[in-house]
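# Coordinates in review
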Protein chains: 6
Amino acid sequence: MVYVTRKAHFSSSHRLYNPAWANEKNQKVFGKCNNPNGHGHNYDIEVTVAGDPPHETGMVIDLKKLADILEEEIVERVDHKHLNEDVDFLKGIIPTAENMAIAFWKILNPKITEGKLHSIKLYESYNNFVEYRGE
Amino acid sequence: MVYVTRKAHFSSSHRLYNPAWANEKNQKVFGKCNNPNGHGHNYDIEVTVAGDPPHETGMVIDLKKLADILEEEIVERVDHKHLNEDVDFLKGIIPTAENMAIAFWKILNPKITEGKLHSIKLYESYNNFVEYRGE
Amino acid sequence: MVYVTRKAHFSSSHRLYNPAWANEKNQKVFGKCNNPNGHGHNYDIEVTVAGDPPHETGMVIDLKKLADILEEEIVERVDHKHLNEDVDFLKGIIPTAENMAIAFWKILNPKITEGKLHSIKLYESYNNFVEYRGE
Amino acid sequence: MVYVTRKAHFSSSHRLYNPAWANEKNQKVFGKCNNPNGHGHNYDIEVTVAGDPPHETGMVIDLKKLADILEEEIVERVDHKHLNEDVDFLKGIIPTAENMAIAFWKILNPKITEGKLHSIKLYESYNNFVEYRGE
Amino acid sequence: MVYVTRKAHFSSSHRLYNPAWANEKNQKVFGKCNNPNGHGHNYDIEVTVAGDPPHETGMVIDLKKLADILEEEIVERVDHKHLNEDVDFLKGIIPTAENMAIAFWKILNPKITEGKLHSIKLYESYNNFVEYRGE
Amino acid sequence: MVYVTRKAHFSSSHRLYNPAWANEKNQKVFGKCNNPNGHGHNYDIEVTVAGDPPHETGMVIDLKKLADILEEEIVERVDHKHLNEDVDFLKGIIPTAENMAIAFWKILNPKITEGKLHSIKLYESYNNFVEYRGE
């Protein structure tokens, strides 16, 4: 079994807040991430697929195909967008990196037909990142 | 003469548009950067100060002081903010990286009292960055 | 379950030697890391916490709080210090990256009260790093 | 148990093709990686060894020794080489990153006598990398 | 005046040799870069354009347009290619990073119609890079 | 004219203090960098040589030779050393990055016989670096 990873990039804005809460509680819990006009990040996403590379190709998954899936299913829908306002599959979800990784998994998992989706890693900044393995 | 650089980081959202133009022209000129709800970036800023390191200290400028100036004058005013909406010194300016670098120079230049401000470098993403040298 | 990581940085000096050994054996085992006056590194530490992000916050752990714990418990005690001489919790320990990661785990583990400490990763240089998972 | 990683670098050229296939099928499956005159990469290899650091040394494995093994067994045999033409241990193998990681494991595993080889990670480019854990 | 930089990436193979020289001299001068079957690199290219950002756009040059020029004129012609064999504009040129930067300048300079081409920076590896400013 | 850069790395410890000053003043001026037992860094050094690449080689300077000069003249004398205690050519100099860059220039300048030494860039950490151009 080999783990194959493809990385992609997108730049988005978001705001962390829970609409069920008063402003004061939102401010207390989410701090500067709660700024009403939002803020933004350059996100890196790493998608890891696990499988046995077949003898004829030596490739767990065609990386070009994986890159295309990632581009069409994720990047085109979130890049240069406001994650709270512009992204259908994030509606009603607080767009923390944790929730985004889980949402990306749900979209990508049925699309991965060679090998098996193993992990979604999402870097929100150089110092903060999350990983979700479907567990 | 030695050039001393200090780097800092901030995460902001912005939208590129010219209020004097129709939506269609804004869309044509600024493309996906014109998305009405904005998008965002992790910005890196590098401030370079030039000078002769005095014999007694060997330092062109106290880097701790430079870091503090950068933090107070720039990072605290733009980090986790919407550059078009929340930042007083960017009001009326299209927040391209070019314009931001020039605006940062205007703020920082009078604060640098050891050595001489030489350059402001601003990275909007891994692939895009600008430099302004006050020329 | 989502794995959330926060990175921090510190710059320290250290010397690798075993006081129970003769100089010659220390030199043979630790090579240039045994230099009597020590040497130093810019260390990166990555702390990973695992947990389920609650529906109300979407966050496994408040990253600001995790950053503060990391700063107070680790960075303030080792940054710009000599690891053999200045750090109480490393007394009597050979400050290899392996031993440092284990020591950091012991300090951080009881402080992590949201989620569960999963991993301490410590980069001594671009080419050398270690990971400890409490196993 | 601590996981210790050493990174190394090499620059090689290769061509992806299956000699059992017609040119057309090779082109279809491997795309631009099938270019007859080949292309190349700066590869990063990370070798991870797991073990308990003994009390006397605090080191799972002497990193200098691990670096030397990596240099002699891998880097010297692939650096500035054409992977299809010049590397004996890759003869008859399609030099995808997956197959290279497996081939490196087979060579390195018997050489690791302190600790236990845990993982080979191979970066073909900034956006593409694979990991093999001997499973 | 602001300096705006766009970065792009390509992966190529090459061989350094002077056809006017005997094998022995080529080997002596170019060392392992003279390997007959070639070797390869992941190259980064940074193109810097200098100009005054007009008031209406705040952009020295439309970065999307610069990225497209870079993609069409350079990346598509060298990516996943053998620089000695497959690239028309490098025929008869020893493909050192120096010569490549000069060749890229000659191609890009007439295509930059907003602002003025200021610099081509070419990274052959993490440790080796060159810059050409048309001087 | 092309600017060719070679990067190298070393890990050292140092302490910033001026022996002509009282402890209190040293502490005030150099802050945590004045810690009596020292601290350390992973330094990156970039040496840039400018020249015209001759037609027969396409190389401003043989990078292998430049790398060897850098290794012998600088890295071997500072790597895994205490800069205040162990390095002859830094005796009597406060080892700030500024002073180190100037000292490295003095050593390297007479050794560069192909092309002309243009710049020494020294990174003390990810956020702090200096450049000296012999001016």
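Use the structure listed above.
Residues numbered from 1 in each chain as written. Chains lettered and ligands numbered in written order. Predicted model: local features only at pLDDT ≥ 70, side-chain atom pairs only at ≥ 80, totals over all residues. Heavy atoms only, no water.

## Topic: the pairing of strand β3 (residues 116-123) of chain D
Looking down a regular strand, the side chains alternate between one sheet face and the other. Residue and element names in this part refer to chain D. What counts, and what does not: Strands are labelled as partners when DSSP assigns at least two bridges between them. Labels follow the DSSP assignment, with helices taken as runs of H or I lasting at least four residues and strands as runs of E lasting at least two, numbered in each case from the N terminus.
Sheet topology note: the strand β2 (residues 39-51)/β3 ladder contains 7 bridges and is antiparallel. By the bridge assignment for β3, T48 is matched with S119. Judged from the 4 bridges that link them, β3 and strand β4 (residues 128-132) form a sheet pairing that is antiparallel. For K121, the partnering residue across the bridge sits in β4 and is E131. Taken together, β3 and the strand that follows it, β4, pair antiparallel across an intervening segment of 4 residues.

## Observations regarding the packing of aromatic side chains
Applied cut-off: Planes of paired rings set the category: under 30 degrees apart is stacked, over 60 is edge-to-face and the rest tilted, where pairs are Phe, Tyr or Trp rings (Trp by its six-membered ring) whose centres lie within 6.5 Å. Using a 1.4 Å probe on the protein chains alone, a residue whose accessible area is under 20% of its type maximum counts as buried, one over 50% counts as exposed, and one in between counts as partly exposed. Any Lys NZ or Arg CZ found within 6 Å of a ring centre and within 35 degrees of that ring's normal is scored as a charge over the ring.
Enumeration according to the criterion identifies 39 aromatic pairs over all chains in this entry. The interplanar angle of 70° and the centroid separation of 6.1 Å between the aromatic rings of D:F89 and D:F104 together place this pair among those described as edge-to-face. You can see D:F89 sitting in the loop between α2 (63-78) and α3 (97-108) and its partner D:F104 sitting in helix α3, a full 15 residues away along the chain. The same class applies to D:F89 as to D:F104, namely buried. When the ring of D:Y123 is compared with that of D:F129, the centres are 4.6 Å apart and the planes differ by 35°; the resulting orientation is tilted. Since its relative accessible area comes to 19%, D:Y123 is described here as buried. Note on D:F129: relative accessible area 6%, which makes it buried. By the ring-pair criterion, three or more aromatic residues cluster together here, those being A:F10, A:Y43, A:F89 and A:F104. In this structure, B:K25 packs its charged tip against the face of B:W21, placed 4.4 Å from the ring centre.

## Quick notes on the packing of helix α2 (residues 63-78) of chain C against helix α3 (residues 97-108) of chain C
Residues and elements named next belong to chain C. Defined as follows: In this analysis, axes come from line fits to C-alpha atoms, helices being fitted only over the stretch in contact, and the angle between any two N-to-C directions falls in the range 0 to 180 degrees. By definition in this entry, angles of less than 35 degrees are roughly parallel, angles greater than 145 are roughly antiparallel, angles of 65 to 115 are roughly perpendicular, and the rest are oblique. Helix crossings are classified by the rotation of the near helix relative to the far one: an anticlockwise turn of less than a right angle makes the crossing left-handed, while a clockwise turn makes it right-handed. What makes two residues a contact is simply this: any of their non-hydrogen atoms within 4.5 Å. Throughout, the ten residues Ala, Val, Leu, Ile, Met, Phe, Trp, Tyr, Cys and Pro are labelled nonpolar, Asp, Glu, Lys and Arg are labelled charged, and all others, Gly among them, are labelled polar.
At a closest axis distance of 10 Å, the pairing of α2 and α3 adopts a crossing angle of 140°. Classified by the interaxial angle, the pair formed by α2 and α3 is oblique. The way α2 lies across α3 gives a crossing that is right-handed. Residues I69, L70, E73, I74, R77 and V78 of α2 form the contact with α3, whose own contacting residues are F104, I107 and L108. In terms of residue class, the contact of α2 with α3 is built from 7 nonpolar, no polar and 2 charged.

## Some details on the relation of the copies chain A and chain B
The cut-off we apply is this: Least squares is used to superpose the copies, and the fit set is the C-alpha atoms of residues whose pLDDT is at least 70 in both copies.
Here chain A sits on chain B after a turn of 180° about the axis and a move of 0.0 Å along it, with an RMSD of 0.0 Å. Taken together, these values place the two copies in the relation of a two-fold axis. Interface overlap between copies: 100% of the residues of chain A at the interface are likewise at the interface in chain B, consistent with a symmetric, same-surface contact.

## Considering the pattern of salt bridges
Test applied: Put simply, a salt bridge is a Lys or Arg side-chain nitrogen that is within 4 Å of an Asp or Glu carboxyl oxygen.
Applying the stated rule across the entire model yields 48 salt bridges over all chains. B:E73 is the salt-bridge partner of B:K111, the closest N and O atoms lying 3.7 Å from each other. Remark: B:E73 occurs in helix α2 (residues 63-78) and B:K111 occurs in the loop between α3 (97-108) and β3 (116-125); sequence separation between them is 38 residues. Since its relative accessible area comes to 39%, B:K111 is described here as partly exposed. For B:E131, the salt bridge identified is with B:R133, shortest N-O distance 3.3 Å. Classification of B:E131 as buried rests on a relative accessible area of 15%. Connected through shared salt-bridge partners, A:E73, A:R77, A:D88 and A:K111 make up one network.

## Some points on the interface of chain C and chain F
Under the convention used in this document: Here's the idea: put two parts together, see how much 1.4 Å probe accessible area each one loses, and the total over both is what we call buried area. Two N or O atoms form a polar contact when they lie within 3.5 Å of each other; inside protein one atom must be a possible hydrogen donor and the other a possible acceptor, and for residues adjacent in sequence the pair counts only when both atoms belong to side chains.
Between chain C and chain F, the contact holds 20 residues from the first and 20 residues from the second. Taken together, both faces of the contact between chain C and chain F bury some 1500 Å²; the carbon and sulfur share is 47%. Interface area lost by chain C to chain F is led by C:N37, C:N42 and C:H80, which between them contribute 39%. For the interface between chain C and chain F, the tally reads 2 salt bridges. Note that C:D79 and F:K32 form a salt bridge whose closest N and O atoms lie 2.9 Å from each other. Put simply, chain C and chain F have 21 residue pairs in polar contact (both at pLDDT 80 or more) between them. Looking at the side of chain C that touches chain F, the elements that each hand over two or more residues are β1 (2-14) and β2 (39-51) of chain C. The dominant element in the side of chain C that touches chain F, judged by the number of residues it contributes, is β2(C), at 4 residues. Classifying every residue of the side of chain C that touches chain F by side-chain character gives 1 nonpolar, 13 polar and 6 charged.

## With respect to the interface of chain A and chain B
With 20 residues of chain A at the contact, the number on the chain B side is 20 residues. Counting the surface lost from both chain A and chain B, the interface buries some 1500 Å², and carbon and sulfur atoms represent 47% of this. By the criterion of area lost to chain B, the three top residues of chain A are A:N37, A:N42 and A:H80, representing 38% of everything that side buries. Counting the contacts that link chain A with chain B gives 2 salt bridges. Inspection of the chain A/chain B interface yields 21 residue pairs in polar contact (both at pLDDT 80 or more). Secondary-structure elements contributing two or more residues to the side of chain A that touches chain B are β1 (2-14) and β2 (39-51) of chain A. If one sorts the elements of the side of chain A that touches chain B by residue count, β2(A) sits on top with 4 residues. Of the residues contributing to the side of chain A that touches chain B, the split by class is 1 nonpolar, 13 polar and 6 charged.

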